Amino acid sequence: MASAALPSVGRSEVLSLLRSFLRTTRKFEDYNVREYSKRRTIDAFRQNKDLSPPSAVSAAFSDGESQLEVARRQATVYSLYAPKVKSIMEI
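Residues numbered from 1 in each chain as written. Predicted model: local features only at pLDDT ≥ 70, side-chain atom pairs only at ≥ 80, totals over all residues. Heavy atoms only, no water.

Participant: Hey, could you run me through the overall build of the chain in this one?
Facilitator: A tally of helices and strands in the chain yields four helices and zero strands. Helices (α) and strands (β) of the chain occur, in sequence order from the N terminus, as α-α-α-α. Here the chain has a C-alpha radius of gyration of 16 Å; the compact-globule value for 91 residues is 12 Å, and the former is much larger. Looking at the chain as a whole, 20% of its 91 residues are labelled buried. Of all intrachain contacts in the chain linking residues separated by at least 6 positions in sequence, the fraction that spans at least 24 positions is 72%. Total accessible area on the chain stands at roughly 7000 Å², and carbon and sulfur atoms take up 56% of it. (Helix = DSSP H or I, 4+ residues; strand = E, 2+ residues; numbered from the N terminus. Rg over C-alpha atoms; globule rule 2.2 N^0.38 Å. Buried < 20%, exposed > 50% of the residue type's maximum accessible area, 1.4 Å probe, protein only. Contact = heavy atoms within 4.5 Å. Areas by Shrake-Rupley, 256 points an atom, 1.4 Å probe, with all protein chains shown as cover.)

Participant: Please explain the packing of helix α2 (residues 11-25) against helix α4 (residues 54-80) as it appears in this structure.
Facilitator: For the pair α2 and α4, the least separation of the axes is 10 Å and the interaxial angle reads 15°. With respect to α4, the element α2 is oriented roughly parallel. Of the two possible hands of crossing, α2 and α4 adopt the one that is left-handed. Taking contact as the criterion, the partners of Glu13, Val14, Leu17, Ser20, Phe21 and Thr24 in α2 are, on α4, Phe61, Gly64, Glu65, Gln67, Leu68, Ala71, Arg72 and Ala75. A class-by-class count of the residues in the contact of α2 with α4 yields seven nonpolar, four polar and three charged. (Axes fitted to C-alpha atoms, helices over the stretch in contact; angles between N-to-C directions. Parallel < 35°, antiparallel > 145°, perpendicular 65-115°, else oblique. Left-handed = near helix turned anticlockwise from the far one by under 90°. Nonpolar A, V, L, I, M, F, W, Y, C, P; charged D, E, K, R; others polar.)

Participant: How should I be thinking about the side chain of Ser20 in this particular structure?
Facilitator: Structurally, Ser20 can be placed in helix α2. The class of Ser20 is buried, set by a relative accessible area of 12%. Beyond its immediate chain neighbours, meaning those up to four positions away, Ser20 contacts Leu68 and Arg72.

Participant: Which parts of the structure should I look at to understand α2?
Facilitator: Because each turn of an α-helix spans 3.6 residues, side chains separated by three or four positions end up pointing in the same direction. In a regular helix each residue adds 1.5 Å, so 15 residues correspond to 21 Å; α2 covers 21 Å between its end C-alpha atoms and thus fits that length. Along α2, the positions that sit buried rather than exposed are Leu17, Ser20, Phe21, Thr24 and Thr25. Seen end-on, α2 carries its buried residues on one side only, within an arc spanning 135°. Across α2 from its buried face, at more than 90 degrees, point the exposed residues Arg11 and Ser12. Those residues of α2 hidden inside the fold are in contact with α3 (31-47) and α4. (Expected span 1.5 Å × (residues − 1). Arc of directions from axis to C-beta.)

Next up, the structure:
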């Protein structure tokens, strides 16, 4: 019965979540924050790629969705206080 409460998460939903994360990371103005969030996103998805119980996959997906909302809010806040000078990596 517990599995009926948690919807099954398919490959397409997970890939959509990954793409959403990567799109959000591009919104960070600061090079260091942008690269860190991109690297952290890829590492987190690689770490969870071998999850097999559907309940663990659903829990990780739910956590990922909540983290995506946090990342979107952070991108907005960072854009309000973006540095005026570009990083040497962006020149």
